[in-house]
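These are the residues of each chain, in order.
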Amino acid sequence: ETGVTQSPTHLIKTRGQQVTLRCSSQSGHNTVSWYQQALGQGPQFIFQYYREEENGRGNFPPRFSGLQFPNYSSELNVNALELDDSALYLCASSPSGSRFEQYFGPGTRLTVT
Amino acid sequence: DAKTTQPPSMDCAEGRAANLPCNHSTISGNEYVYWYRQIHSQGPQYIIHGLKNNETNEMASLIITEDRKSSTLILPHATLRDTAVYYCIVQVGLDYGQNFVFGPGTRLSVLP
């Protein structure tokens, strides 16, 4: 059974550009959440998708958007990148019916210059 | 904001028990205590969770005080691979869009 995978591993973008990050959930997991982790901080919740619908959102502006596909893979899109968007972006999936465990991927390190 | 308070860092000798404290004085009756850890350059990893009773699994033990206002994660025989940031989180279960609110955690260094 493969775990949660994310691509790319690292990415460098320029302020004002747009970026798409990708996540493949663990097999059998129909819920995916995205977190942003700034250097030296704990992860901050961005949003969650369940069965292709947004199912909760943290305190992030609309330029952070997402998609979940029928195979439960997911994308995080960020428009109009700002320097403060530089962070590790983590994807976490949960199996249907699980109330306690999220399985995190290794993250994508985004640097905005 | 996170509902927990943890010391920013701790050291532990290899082979000894590591006891990581967490204060959660405003915890509600339906909120669980979760522990996750994050080893450098990896995503957070689930360790254990509990509601009222003490819990033990193959990784760790969780001791929750009777008033539930604090808890301790115990790694019984710490190894160098246990060096990580440990997050204590209080949250209801992962229902209906609920997600974890992470604080800065405790950076545990296991020393040889």
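Up top is the structure.
We now turn to the structure provided with this report. Predicted model, so just to flag it, every value in this text is computed and none were measured. (Residues numbered from 1 in each chain as written. Chains lettered and ligands numbered in written order. Predicted model: local features only at pLDDT ≥ 70, side-chain atom pairs only at ≥ 80, totals over all residues. Heavy atoms only, no water.)

**So, the sheet that holds strand β9 (residues 106-111) of chain B**
All names here are of chain B. Taken in spatial order, the five strands of this open sheet run β1-β9-β8-β3-β4, and their pairing is mixed. Each edge of the sheet is formed by a strand with only one pairing partner; in this case those strands are β1 (9-13) and β4 (45-50). The average angle at which neighbouring strand axes cross in this sheet is 25°, direction not considered. Where strand β3 (residues 32-38) and β4 come together, five bridges link them in antiparallel fashion. Paired with R37 across the two strands is Q45, which belongs to β4. (Pairing = 2+ DSSP bridges. Helix = DSSP H or I, 4+ residues; strand = E, 2+ residues; numbered from the N terminus. Axes fitted to C-alpha atoms, helices over the stretch in contact; angles between N-to-C directions.)

**Concerning the pairing of strand β8 (residues 74-78) of chain A**
All names here are of chain A. Burial analysis of β8 places five of its five residues in the buried class, which makes it a mostly covered element. Residues S74, L76 and V78 of β8 are buried on one face, and the alternating residues E75 and N77, pointing to the opposite face, are buried as well. When strand β3 (residues 19-24) meets β8, the two strands line up antiparallel, connected through five bridges. The partner of T20 across the bridge, within β8, is N77. Bridge analysis of strand β7 (residues 64-68) against β8 gives five bridges, and the strand direction is antiparallel. Note that in β8 the partner of S65 across the bridge is N77. (Buried < 20%, exposed > 50% of the residue type's maximum accessible area, 1.4 Å probe, protein only.)

**A few points about the pattern of salt bridges**
Residue and element names in this part refer to chain A. Using the criterion set out here, one finds six salt bridges over all chains in the structure. The residue E54 makes a salt bridge to R57 at a minimum N-O spacing of 3.3 Å. With a relative accessible area of 39%, E54 lands in the partly exposed category. The class for R57 is partly exposed, based on a relative accessible area of 31%. (Salt bridge = Lys/Arg side-chain N within 4 Å of Asp/Glu carboxyl O.)

**Thoughts on the state of the cysteines**
All names here are of chain B. Under the criterion given, the structure shown has two disulfides over all chains. C22 shares a disulfide with C88; S-S distance 2.1 Å. With the S-S dihedral at roughly -85°, the linkage between C22 and C88 falls on the left-handed side. Within this pair, whereas C22 is found in strand β2 (residues 18-23), its partner C88 is found in strand β8 (residues 84-91), the two being separated by 66 residues in sequence. Note on accessibility: C22 and C88 belong to one class, buried. The structure places no disulfide on C12, whose sulfur is separated from the nearest cysteine sulfur, that of C22, by 18 Å. (Disulfide = S-S within 2.5 Å.)

**Quick look at the sheet that holds strand β7 (residues 70-75) of chain B**
Judged by pairing direction, the sheet is antiparallel, and its four strands sit side by side in the order β2-β7-β6-β5 (chain B) without closing on themselves. Only two strands of the sheet have a single partner each, and these edge strands are β2 and β5 (55-56) of chain B.

**Points about the environment of B:T56**
Residue position: B:T56 is located in strand β5. For B:T56, the contacting residues outside a window of four places in its chain are B:I48 and B:S61. (Contact = heavy atoms within 4.5 Å.)

**Observations concerning the packing of aromatic side chains**
Here the structure, examined in full by the defined rule, presents 14 aromatic pairs over all chains. Seen from their ring centres, B:Y32 and B:Y34 are 6.3 Å apart, and the 50° between their planes marks the pair as tilted. Neither residue differs from the other here; B:Y32 and B:Y34 are each classed as buried. On the numbers, 6.2 Å between centres and 85° between planes, the contact of B:F100 with B:F102 is edge-to-face. Classification of B:F100 by relative accessible area gives buried; the value is 1%. Accessibility expressed as a relative area gives 3% for B:F102, which makes it buried. Joined through ring pairs, the aromatic side chains of A:Y35, A:F45, A:F104, B:Y32, B:Y34, B:Y36, B:Y46, B:Y87, B:F100 and B:F102 make up one cluster. (Phe/Tyr/Trp six-rings, centres within 6.5 Å; stacked < 30°, edge-to-face > 60°.)

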